[in-house]
Structure formats: structure tokens, C-alpha cells
Amino acid sequence: MAQAIEIPYKTYLTEEEMPRYWYNVKAHMKGGHAPFINPQTLKPCTKEDLRNVFCDECIEQELNDTEELIEIPEEIRSFYRMFRPSPLVRAYFLEKELGTPAEIYYKFEGNNTSGSHKLNSAAAQAYYAKKQGLKSITTETGAGQWGTALSMAAAFYGLELKVFMVKTSSEQKPHRREVMRTYGATVTPSPSDTTEAGRKILREFPGTGGSLGCAISEAVETAVKTDNCRYVLGSVLDHVLLHQSVIGQECKAAFDKYGVEPNVIIGCCGGGSNFGGLIAPYMGERLQGKNGIEFIGVEPASCPSLTRGKFAYDYCDSAQITPLAKMYTLGCGFMPSPNHAGGLRYHGMSPVISRLYHDGFIKAVSAEQSKVFDAAVRFAKCEGILPAPESSHAIKAAIDEAEKCKKTGEKKRILFGLTGTGYFDMSAYKQYNDGTMTDYVPTDEDLKKGFASIPNVNIY
Ligand SMILES: Cc1ncc(COP(=O)(O)O)c(C=O)c1O
């Protein structure tokens, strides 16, 4: 049981204390997770299979299941210095408002222009692309945070960037599109008629607002067909979780200063990168039997890959051109409901998070969006920060945990990831304030349609 201890409202590490290594949790996962499969050969993907899609160094990291610590190049650390270390905040005002005996902490990743944790991996991936001598990179973006982060990193390292932005988001968030363009990126609403994948989806689903899976197909196709260009992904893959491990390591270093550790760690889950990064060093210890921390991933009830999906091999994109990953999935053909306002709309989940969940090391809960926005507004009013809708899923679960403690009298120490700010999400906040926000929870029948798109590949 945690002891009451006087901890400052904000704890910052010094630049010197910023992590020098990324933490690779797979080193403790006994063989990592089931391998990515090449859909043509149905054999595990080799480095060569991935070489024309991803940067070489990212492939090395992706397939590294053994090294616990991977050095962060000094050039990336110096980029990190622009926005890291990020503060660990004790949510004293939220605790007071809830009247809970629990201690609540959040790690705030929204303090950079892109407004989220995504810059941690964007900085690394753009650096590796430049180091490899590439001229350009492509990517997809949903809510827009990833595209914004990558446009900042591409500008910093002098790379061209082409972003395929999910069409509904590009319409709902024209300002985010302009931030990307200001940093020099080209932004194309997806599905578009500039790729074969986009044209096919437009023929099959005329008028569709698009999906992340579809935007990924377009970005991968463009990378493969363009000289000296590679595709860069903002979540799901192991190397992205690896880069995000700076979040968890900074939390650990800050808590270590006070000689305490959290009892519960909560993160929102889209593709799993912030949650994977937040829990990485703690999970590594847990897998070695060194702690008994509870890990909770929170997803939208409208896109419930962990809580209602299947653990199976599936494509990472909807046009079925990427490798197959063994993950919790709603099916690569799953299209989230258009009334779903925030991000977290990906059909699958990181293979690392999926494996850990499957093995019982992680719990998952889902939340309906109106409840998520109730929590967001409550948090904004007492802690001052206007949270991103995605991050607010974690806030909701943290409040639920703290309220449980109120009933039981437990003094748990709850840590959650506040991944970003919601200043570009005002149309969603407007719906909430106008009382027009609705919740959509797919029926089992709805989910069956997505499950039908999961290929029948059960190798590992
Ligand atoms: C602010 C914010 N938090 C969380 C997420 C979820 O992504 P992930 O699960 O990869 O951390 C996103 C995704 O776009 C985001 O923008």
C-alpha cells in the first residue's frame, strides 16, 4: 500500500537525467510476440521483406527481441531537449475535487507544438531516414497529431513529407492540416485518387470518410513507388513503442527521486504506442517478478479492439498490402462509426500490447465517448489543461479508479498518461457542449462484418 508522501505539484528531470537509452520490453517477453508474416510467402518477414517500406535502422529495432537497452543517438537527444523532459504532475486539484484517498499523477506529453507524445517517435524516425540518405517520407494521420509531429521532425531534418490524412479528420480539423503545411508537408485527404489503394476504396465505398487502415495503404503504396522514399508509422509497430519508452523511463526516474512507485498505470490505447511506452520499464520489471503493478489500457467503446476483438493474424491496413501481424483486431475492413469524434480508431492493436494482454499482464476497459468527455471537462476545470479526446480515455479510467478508492479507502498511487492537448478538437468539444454528442457501441452483428475481413492465417 502506498504511503502518504509530500510530492511537488510538478516534477521535472534535468536535461542530464533525460534517458540515454530506449527500453525494449520485448527483451523480457520470452521470444517477443508472434512474428510478422509476409502475406506472399506466409513465412516470417525478413529484414529484406521490409527494406523497401521502412528505414533500415527502424527495421533493426523492430526485429530486436533481445537487447533491453538501445542507445538514443545524441542527435535525437538534442531534438528531445526542445520538448523533454516532460513534467510528471501530481493532480492535487483533481484529487481534491474527487475527495479520494488515492494519489493521482499524470505524465504530460502535450507541451510541444504538435501537442502530443507522437513527437518522441517522429524525431527518431525522421532522423534515421535522413541518416540513411533518403529524400522523402510518407505517412498517414488520423486525428492529425502524428502528421503534425512528423511534419515538425521532417522540417527539422530537411526531409520532404507526404501525409495521407483520414478525410473526415481533414474536414473536421482544417487547422491541423495547416500546421502540417506550415512545416512544409503535403497533405492529401484519404481515400484519394492518387493511389491504386485509394481509387479501389473510393470505388467500393463511394463517399466514405476514410479510415486509418485506408490511409496507411495509400502511404505505403506511395513510399514503395517513389525513389529514395520510405514509409513511417506513428503507432502499432515495436520500434514506435520503443521510442515512446522515454515516457515511462522519465516517470520512473521522477518517482525514484521520492522512493515510490505507482500501484496502477493507465493509458489510452489507439495503436498502443503511448501506453506501451508509458508502461515499458515497469512492465519489464513486472515480467521479471519485481513488481505487482496493475496496467490498464483504455479504448473507445466504438472501436474496441482489445475488449471485443479477436487475437489473430491480420493486415495492418485495409487494402491488405502490409505484412500480417498477430494482434487483437476488429478486422482490417472495420470502419469506425462516423460519429466517433476523437482518434483511437485503428482496427488493430500493437502486437506487443496484444501479447501482454493475451498473457494476462494488462487489463483493458472501454469507454463511451460522452463519458470520456465528461471526464475531460472535469479534468480541464480543475487541472487547467484542455486534454485531447484520446488522452481523456485515460483520465476517465483514472477517475474511475480514484472513485473506487474513495469507496474502499485504499490509498492507491495512480499514474496515467496525459498524451496531448485538445485545442484542435474543438468541433468535438462543441458537440459535447451543444449536447449533440452521441455514443455508438457496435453490436455483435456490426463487428461480424469486420471480423469477416480477417484472413484465415493461423500459423503461430
Ligand atoms: C493525443 C493522442 N493520444 C493517444 C493517441 C493514441 O495513439 P497510441 O495508442 O499510438 O498512443 C493518439 C493517436 O493519434 C493521440 O493523438
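In case you missed it, the structure is sitting above this.
Residues numbered from 1 in each chain as written. Predicted model: local features only at pLDDT ≥ 70, side-chain atom pairs only at ≥ 80, totals over all residues. Heavy atoms only, no water.

## A closer look at the site of the ligand
The condition is simple: If even one non-hydrogen atom of a residue comes within 4 Å of a molecule or strand, that residue is called near it. In protein, a polar contact requires one atom able to donate a hydrogen and another able to accept it; more generally it is a pair of N or O atoms within 3.5 Å, and residues adjacent in sequence count only if both atoms are side-chain atoms. All accessible areas in this document rest on Shrake-Rupley with a 1.4 Å probe, and a residue is counted as covered only by the protein chains that are shown. In the cavity and pocket records, a cavity denotes points on a 1 Å grid over the protein atoms alone where a 1.4 Å probe fits but cannot get out, a pocket denotes an open set with protein on both sides within 12 Å along at least 5 of 7 lines, and lining residues are residues with an atom within 4 Å of a point. To decide whether a molecule occupies a pocket or cavity, check its atoms: if more than half lie within 2 Å of the grid points, it is inside. Gly is placed with the polar residues, together with every amino acid not listed as nonpolar (Ala, Val, Leu, Ile, Met, Phe, Trp, Tyr, Cys and Pro) or charged (Asp, Glu, Lys and Arg).
Taken together, 16 residues sit near the ligand, with Ser 235, Gly 270, Ser 273, Asn 274 and Thr 419 positioned nearest. At a separation of 2.7 Å, an oxygen atom of the ligand approaches a polar backbone atom of Gly 270. In this structure, a nitrogen atom belonging to the ligand sits 2.7 Å away from a side-chain N or O atom of Thr 419. A total of 390 Å² of accessible area belongs to the ligand in isolation, and the protein chains cover 94% of it. More than half of the atoms of the ligand fall within 2 Å of the grid points belonging to the largest cavity. Looking at the shell around the ligand residue by residue, the classes come out as four nonpolar, 10 polar and two charged.

## Description of the nonpolar core
Keep this limit in mind: Side-chain atoms within 4.5 Å are what join buried Ala, Val, Leu, Ile, Met, Phe, Trp, Tyr and Cys residues into a set we call a nonpolar core. Buried, partly exposed and exposed residues are distinguished by accessible area as a fraction of the type maximum, computed with a 1.4 Å probe on protein chains only: under 20%, between the cut-offs, and over 50%, respectively. Numbered from the N terminus, helices here are DSSP runs of H or I no shorter than four residues, and strands are runs of E no shorter than two. Whether two residues touch is decided by their heavy atoms; if any such pair falls within 4.5 Å, the residues are in contact.
Counting 37 residues, the largest nonpolar core has Trp 22, Ile 76, Tyr 80 and Ile 137 as its most contacted members. Elements supplying a minimum of two residues to this core: helix H3 (74-80), helix H5 (119-131), helix H6 (145-157), strand S9 (160-166) and helix H11 (238-258). It is H5 that provides the largest number of residues to this core, a total of eight residues. If near-sequence neighbours (up to four positions away) are discounted, Ile 76 is found in contact with Trp 22, Ala 123, Ala 124, Tyr 127, Tyr 128 and Tyr 157. Residues Met 29, Val 260, Leu 278 and Leu 287 belong to the second largest nonpolar core, which totals 34 residues.

## Some remarks on the pattern of salt bridges
It is possible for side chains bearing opposite charge to pair when their charged atoms get close. Going by this rule: Salt bridge, as used here: a side-chain nitrogen of Lys or Arg that lies within 4 Å of a carboxyl oxygen of Asp or Glu.
According to the stated counting rule, one finds 37 salt bridges in the structure shown. For Arg 84, the salt bridge goes to Glu 250, with nearest N and O atoms at 2.9 Å. With a gap of 166 residues between them, Arg 84 in the loop between H3 and strand S6 (88-90) and Glu 250 in helix H11 connect regions that are remote in the sequence. The exposure class assigned to Arg 84 is buried, which follows from its relative accessible area of 3%. Taking relative accessible area as the criterion, Glu 250 reaches 0% and is therefore assigned buried.

## Let's talk about the state of the cysteines
What counts, and what does not: Note on disulfides: each one is a pair of cysteine sulfur atoms within 2.5 Å.
For the structure on display, the rule yields zero disulfides. Cys 58 takes part in no disulfide bond, and the closest cysteine sulfur, belonging to Cys 55, lies 4.9 Å away.

## Focus: the packing of H5 against H11
Going by this rule: Axis geometry follows a simple rule: fit a line to the C-alpha atoms, using only the stretch in contact for helices, then measure angles between N-to-C directions, giving values from 0 to 180 degrees. Relative orientations are named as follows: roughly parallel for angles under 35 degrees, roughly antiparallel for angles over 145 degrees, roughly perpendicular for angles from 65 to 115 degrees, and oblique for any other angle. Handedness of a crossing follows from how the near helix is turned relative to the far one, being left-handed for an anticlockwise turn of less than a right angle and right-handed for a clockwise one.
Where H5 meets H11, the axes come as close as 8 Å, and the angle between the chain directions of the two elements is 125°. Classified by the angle their axes make, H5 and H11 are oblique. Crossing angle aside, the handedness with which H5 passes H11 is right-handed. Contacts from Asn 120, Ser 121, Ala 124, Gln 125 and Tyr 128 of H5 reach H11 at His 239, Val 240, His 243, Gln 244, Val 246 and Ile 247. Split by residue class, the contact of H5 with H11 holds five nonpolar, six polar and no charged.

## Focus: empty space enclosed by the protein
In plain terms, the rule: Grid points are joined across faces, edges and corners, and a volume is the space filled by probe spheres set on the points.
In this structure the tally under the stated criterion is eight cavities of 30 Å³ or more. Estimates place the volume of the largest cavity at around 430 Å³. Along the walls of the largest cavity sit 32 residues, with Lys 118, Leu 212, Ser 235, Gly 271 and Leu 344 positioned nearest its centre. Those elements giving two or more residues to the lining of the largest cavity turn out to be strand S8 (136-141), H6, helix H10 (212-225), helix H12 (273-287) and helix H16 (389-408). Considered class by class, the residues forming the lining of the largest cavity number 10 nonpolar, 18 polar and four charged. Around the second largest cavity, the lining comprises 16 residues; the ones closest to its centre are Tyr 23, Val 25, Leu 241, Leu 242 and Val 352. Counting residues per element, the ones that place at least two in the lining of the second largest cavity are H11, H12 and helix H14 (351-358). A per-class count over the lining of the second largest cavity returns 10 nonpolar, four polar and two charged.

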